[in-house]
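Commentary on secondary and tertiary structure
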Amino acid sequence: MTDNKVYYTVETGDNLICQKCGIPLVKTEAVFEYLNNSFPVELPACPKCGFVYVPEDLALGKVLSVEKVLEDK
Amino acid sequence: MIEIISKTKSVCPICLKRIDANKIVGKDGYIYMQKSCFEHGDFETLIWEGDLKSYLDWAKLSKEGLSPTNTKKSEKGCPYDCGLCENHKSESCCVLLELTNRCNLKCPVCFATAGEGVEKDLSLKEIETQFDMLLKRKTRKGLFNIQLSGGEPTLRDDLADIIALGRKKGFSYFQLNTNGVRIAKETGYAKYLKDAGVSSVFLQFDGLRDSTYKILRGIPLLDIKLKAIEYCAKVGLGVVLVPTVTFNVNEDEIGAIIDFAQSKHPAIRGVHFQPLSYFGRCELESRTKITIPRMLKHIEEQSFNKIKASDFSGGGAESPYCSFHASYRRMSDGTFKSLPKKQDQSCCDVSNARNFVSRQWSGPSIVGNTTSCCSTKDPFDEFIENTIRDTFTISGMVFQDAYDLDLERLRRCKICEVDSEYGMVPFCSYNLTNIKGEALYRK
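Conventions and cut-offs
Residues numbered from 1 in each chain as written. Chains lettered and ligands numbered in written order. Predicted model: local features only at pLDDT ≥ 70, side-chain atom pairs only at ≥ 80, totals over all residues. Heavy atoms only, no water. Pairing = 2+ DSSP bridges. Helix = DSSP H or I, 4+ residues; strand = E, 2+ residues; numbered from the N terminus. Axes fitted to C-alpha atoms, helices over the stretch in contact; angles between N-to-C directions. Contact = heavy atoms within 4.5 Å. 1 Å grid on protein atoms, 1.4 Å probe; cavity = no way out; pocket = protein on both sides within 12 Å on 5 of 7 lines; lining within 4 Å. Points joined across faces, edges and corners; volume = space filled by probe spheres on them. Buried < 20%, exposed > 50% of the residue type's maximum accessible area, 1.4 Å probe, protein only. Nonpolar A, V, L, I, M, F, W, Y, C, P; charged D, E, K, R; others polar. Phe/Tyr/Trp six-rings, centres within 6.5 Å; stacked < 30°, edge-to-face > 60°. Parallel < 35°, antiparallel > 145°, perpendicular 65-115°, else oblique. Left-handed = near helix turned anticlockwise from the far one by under 90°. Core = buried A, V, L, I, M, F, W, Y, C linked by side-chain atoms within 4.5 Å. Domains from an automatic or database assignment. Buried area = accessible area lost by both parts, 1.4 Å probe. Salt bridge = Lys/Arg side-chain N within 4 Å of Asp/Glu carboxyl O.

1. What to know about the sheet that holds strand β1 (residues 3–11) of chain B
All names here are of chain B. Within the open sheet, the four strands sit side by side as β1-β2-β3-β4. Their pairing is antiparallel. Edge positions in the sheet fall to β1 and β4 (41–48), since each has one partner strand and no second. Between one strand and the next, the sheet's axes are offset by a mean angle of 25°, whatever the strand orientation. Here strand β2 (residues 18–25) pairs with strand β3 (residues 31–37) via five bridges, running antiparallel. Bridge pairing in β3 places A21 opposite K35.

2. Details of the sheet that holds strand β1 (residues 8–9) of chain A
All names here are of chain A. With respect to topology, three strands assemble into an open sheet ordered β1-β3-β2, the strand pairing being mixed. Sheet topology places β1 and β2 (26–34) at the edges, where each strand pairs with a single neighbour. Sheet topology note: the β2/strand β3 (residues 37–45) ladder contains nine bridges and is antiparallel. The residue bridging F32 from the neighbouring strand is F39, located in β3. In the packing of helix α1 (residues 56–69) onto the sheet, the strands contacted are β1, β2 and β3, and the crossing angle to β2 comes to about 25°.

3. A few points about empty space enclosed by the protein
All names here are of chain B. Taken as a whole and assessed by the stated rule, the structure comprises eight cavities of 30 Å³ or more. Taken as a whole, the largest cavity holds about 790 Å³ of empty space. Lining the largest cavity are 44 residues, and of these F111, N177, F202, V242 and Q274 sit closest to its centre. Contributions of two or more residues to the lining of the largest cavity are made by β5 (94–98), β6 (109–110), β7 (145–149), β8 (174–178), β9 (200–204), β12 (268–275) and α10 (351–361).

4. Notes on the pairing of β5 of chain B
Residue and element names in this part refer to chain B. Of all five residues that make up β5, five are buried, and the element is covered over most of its length. Here β5 shows no split at all, with C94, L96 and E98 on one side and V95 and L97 on the other all buried. When β5 meets β7, the two strands line up parallel, connected through five bridges. Pairing of L96 across the sheet is with Q147, part of β7. Bridging between β5 and strand β18 (residues 415–419) involves three bridges; their strand directions are parallel.

5. Quick look at the layout of surface pockets
Residues and elements named next belong to chain B. Estimated volume of the largest pocket: approximately 790 Å³. As for the largest pocket, its lining consists of 38 residues, and the residues nearest its centre are E98, A112, Y430, R442 and K443. For the lining of the largest pocket, the elements supplying multiple residues, two or more each, are α2 (124–136), β13 (281–282) and β18. Of the residues contributing to the lining of the largest pocket, the split by class is 15 nonpolar, twelve polar and eleven charged.

6. Comments concerning the packing of aromatic side chains
Two measures describe an aromatic ring pair: the distance that separates the ring centres and the angle between the ring planes. Taken as a whole, this structure holds 18 aromatic pairs over all chains when the rule is applied. The rings of F32 and F39 of chain A together with F380 and F383 of chain B are connected pair by pair, giving a single aromatic cluster.

7. Overview of the packing of α1 of chain A against helix α11 (residues 379–390) of chain B
The angle between the axes and the distance between the axes are what describe a pair of packed helices. Running from N to C, α1 of chain A and α11 of chain B point in directions that differ by 20°, and their axes come no closer than 9 Å. Here α11 of chain B runs roughly parallel to α1 of chain A, going by the angle between their axes. Relative to α11 of chain B, α1 of chain A is oriented so that their crossing is left-handed. Residue-level contacts link L58, K62, V63, S65, V66 and V69 of chain A of α1 of chain A to F380, D381, F383, I384, T387 and I388 of chain B of α11 of chain B. Among the residues forming the contact of α1 of chain A with α11 of chain B, the class breakdown is eight nonpolar, two polar and two charged.

8. Topic: unusual backbone geometry
Residues and elements named next belong to chain B. For the peptide bond that leads from G83 to L84, omega is -10°, which places it in the cis range. Position of L84 among the secondary structure elements: in the loop between α1 (52–58) and β5. Cis geometry is found at the peptide bond from H265 to P266, where omega equals 15°. Mapped onto the elements, P266 comes out in the loop between α8 (254–263) and β12. Positioned with a positive phi, T113 is a non-glycine residue whose angle comes to about 45°. Considering the arrangement of structural elements, one finds T113 in the loop between β6 and α2.

9. Structural notes on the pairing of β3 of chain A
Residue and element names in this part refer to chain A. Across the nine residues that make up β3, a large majority, eight, are buried. Where β1 lies against β3, two bridges are found, and the strand directions are parallel. For T9, the partnering residue across the bridge sits in β3 and is E42.

10. Quick look at the nonpolar core
Membership of the largest hydrophobic core comes to 77 residues, with the highest contact counts inside it found for L134, L241, F273, I299 and F312 of chain B. Setting aside its immediate chain neighbours within four residues, L241 of chain B contacts L203, F205, I229, I257, F260, A261, I268, G270, V271 and H272 of chain B.

11. Focus on the domain arrangement of chain B
All names here are of chain B. Domain boundaries in chain B define domain 1 (1–58) and domain 2 (94–397). Contacts between domain 1 and domain 2 engage eight residues on the former and 13 residues on the latter. Summing the contributions of domain 1 and of domain 2, the shared interface buries around 840 Å²; its carbon and sulfur component is 64%. A per-residue breakdown of the area domain 1 buries against domain 2 is headed by W48, E49 and W58, which together make up 76% of the total. Here domain 1 and domain 2 share one salt bridge between them.

So, in structure tokens, the structure goes:
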């Protein structure tokens with residue numbers, strides 16, 4: 001990742017805990033892949049098991065919009 | 001032995017009386033509609049130049065959509081109660097407002113028979129009444145796309161007022177159905193349309209030969225069309241080319257039209273073919289219709305297999321036998337790659353089709369490369385913007401006339417004409433005429 005790129009970023013806050021490992025999530029670089037397209041993001045993830053938290057507004061907002069523009073009528 | 005594959009209802013092309021019709025497999029393996037009028041005899045029309053399997057496969061993914069709300073009671077049965085009546089099976093996607101019957105051309109073929117009879121422009125008050133009527137019949141998810149039509153709508157000088165009125169009522173997509181003459185001839189007119197809020201220019205564009213225009217439009221028009229496209233591109237008005245494809249006239253120009261459109265993409269957003277139907281004014285001798293398989297064969301052959309017939313699907317909200325469409329994405333090397341087909345064609349409401357049209361046929365928000373070092377958009381937003389800009393559509397609609405009208409298809413129509421007396425009338429019943437040119441609805 002280079003510095004001049006803009007990422008979709010979600011701050012972790014203090015209240016996101018990995019249910020499996022019981023430790024707080026930390027902001028981590030990740031890549032969304034969809035139909036051969038990559039979307040670099042920074043999302044909360046568990047430093048132990050690697051679980052990435054995808055907030056609802058990303059899934060039902062931006063990701064759904066991406067899906068829609070790729071849909072034929 | 002003739003194999004009957006299904007039964008439906010149609011009309012007699014002479015008296016427009018409702019009659020039984022059979023769809024059959026002909027001796028050549030193609031699909032035909034056969035019907036008999038007690039008074040006027042037997043009629044047979046080719047409806048599908050492909051075998052039975054291809055005919056049935058075409059509809060495999062199609063499901064009926066939601067029926068419209070606020071309908072009227074049917075008394076005489078289809079197609080005599082349109083407006084819409086309780087038997088209609090699909091909500092509307094796009095509605096046509098015929099703002100004037102005046103025209104600056106006198107085309108030998110014109111479904112609206114424009115330029116004949118007493119000149120009539122809808123008053124702003126009448127247009128407001130039509131908008132209000134549409135608001136009462138809005139679909140479950142949002143308002144209709146509006147097509148400003150005619151006659152030639154650009155002969156009016158108040159399009160900006162009409163669009164402002166429509167926007168005030170809540171409508172957001174305004175497609176201008178035009179021959180492009182005024183856009184080409186009047187300096188600044190394209191900008192006026194852009195500023196007025198026109199979303200997309202639906203441009204009559206029959207080919208790249210003047211001989212084609214002489215036959216279909218009465219005069220050579222290629223230079224006019226090219227200028228209109230250039231001026232729309234300059235101001236960022238999205239253009240969709242609309243060729244009327246006619247037997248023995250411009251069937252061989254299909255590939256060239258697509259090539260030309262792709263060379264002007266993203267300013268040209270797509271091509272929407274309309275094989276000629278025999279209603280309204282038609283001074284041509286031939287009555288041969290061009291079916292969907294024939295269109296797709298032409299597209300495949302004339303693009304030298306770059307575009308494949310298998311890229312295309314039938315209509316989602318409307319009957320699959322009314323339309324075909326495919327979407328492509330322009331790649332960085334300038335080639336166009338087919339986008340995956342939607343597997344579920346159910347389109348439980350027409351909002352999918354309506355949103356697709358509004359998104360893809362409007363002018364690209366940014367022309368050129370947006371991937372720069374200084375972009376402030378996140379990758380999702382950038383992707384969405386680039387994808388919309390880079391998508392190119394090829395589609396077509398096969399209108400029905402008195403020869404091949406299938407009332408089952410008509411009940412699923414999603415394109416309606418707005419009429420002050422009748423309300424929302426499906427396009428193919430509104431324009432239906434018998435062989436003498438007499439109409440059921442159009443005055």
